[in-house]
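# Per-entry structural report
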Amino acid sequence: KAHAVPIATTIKPCAGWDGLKVFGAELASRGIIGICTVTLSSYFYTSRPPYIFGALPTSTEYAQHLGEYIGKKLWNRDAKFVGQGWLPNQTTKRKFGLIYLEGVKGKADPEGKRAKDSLVSEMAKYGAKFADGDIFAYTYDPGRNQQDFTNMMIKFHGDAVTSLVMFVDPLSPILITQAATSQSYFPEWIITGSGLSDTTAAGRLYDQTQWS
């Protein structure tokens, strides 16, 4: 906001390029286009003047796409892509878990919960759901996330969750996949594309034992 206000009042541009959601929202409130933001909910955009443009689909659209895909293609079917040797055989019905980004450094952002709620709602349309107790939120904080992700993998592994959905930033899967390998846990990974997490540049940094 401290950047957006002088830009709007002094420079007075027709548009501002890049910046996070507060930057874009401040510009929009002043009638200036903001080309910024990634993977925020439809609510974020429709509840403000129509001047904000994101680089990616909204989290609501991701949820609609993913919910339909899981419901029509994956739900109540065998988890045939889990790592060989982790399950006795590949005829176990899929059991879903979710990891989603809720905020930064201990501060929750309502956008994270909106994304999660949308996904749960969209899956429910097809009778699909996440396993009880296997929805985990995290706040982006590399200094402490390693232990958080290790604890998540221990829980997922112990609950025999076969298929993990990641509604995440592009860097956290580096630690998430490492934590899974350290637990000899090889689930199916369901890539949503949120926050550029489906890019080649990011994927090369994820644990390649998992990605194989």
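Structural data are supplied above this passage.
Summarised in this report is the structure supplied together with it. Because the structure is a prediction, the values reported are computed rather than measured.

### Quick notes on the environment of A28
By secondary structure assignment, the location of A28 is in helix α2 (residues 21-29). Relative accessible area serves as the criterion here: at 1%, A28 is assigned to the buried category. Separated by 24 residues in sequence, A28 and I52 place their C-alpha atoms 6.4 Å apart. Aside from chain neighbours lying at most four places away, what touches A28 is P49, Y51 and I52.

### Concerning the packing of helix α6 (residues 142-158) against helix α7 (residues 172-182)
Orientation of α6 relative to α7, taken along the N-to-C sense of each, is 40°, at an axis distance of 8 Å. Considered as vectors, α6 and α7 are oriented oblique to each other. In terms of crossing hand, the pair formed by α6 and α7 is right-handed. Residues P142, N145, Q146, F149, T150 and M153 of α6 pack against S172, L175, I176, Q178, A179 and A180 of α7.

### Concerning the nonpolar core
One finds I99, M153, F156, I176 and Y185 to be the most contacted residues of the largest nonpolar core, which totals 20 residues. Listed by contribution, the elements that provide at least two residues to this core are α6, β7 (163-167) and α7. For M153, the contacting residues outside a window of four places in its chain are I99, L164, I176, A179, A180, Q183 and Y185. Counting residues in each nonpolar core, the second largest holds 16 residues, with L98, Y100, A115 and I190 among its members.

### Topic: the sheet that holds strand β2 (residues 33-35)
What the three strands build is an open sheet, ordered β1-β2-β3; its pairing is parallel. For this open sheet the edge positions go to β1 (15-17) and β3 (52-53), each flanked by a neighbour on one side alone. Pairing analysis gives three bridges linking β1 to β2, with the strands arranged parallel. Within the sheet, the bridge partner assigned to W17 lies in β2 and is I35.

### Some words on the pattern of salt bridges
Using the criterion set out here, one finds twelve salt bridges in the structure. The network of salt bridges with common partners includes K113, K116 and D117.

Calculation criteria
Residues numbered from 1 in each chain as written. Predicted model: local features only at pLDDT ≥ 70, side-chain atom pairs only at ≥ 80, totals over all residues. Heavy atoms only, no water. Helix = DSSP H or I, 4+ residues; strand = E, 2+ residues; numbered from the N terminus. Buried < 20%, exposed > 50% of the residue type's maximum accessible area, 1.4 Å probe, protein only. Contact = heavy atoms within 4.5 Å. Axes fitted to C-alpha atoms, helices over the stretch in contact; angles between N-to-C directions. Parallel < 35°, antiparallel > 145°, perpendicular 65-115°, else oblique. Left-handed = near helix turned anticlockwise from the far one by under 90°. Core = buried A, V, L, I, M, F, W, Y, C linked by side-chain atoms within 4.5 Å. Pairing = 2+ DSSP bridges. Salt bridge = Lys/Arg side-chain N within 4 Å of Asp/Glu carboxyl O.

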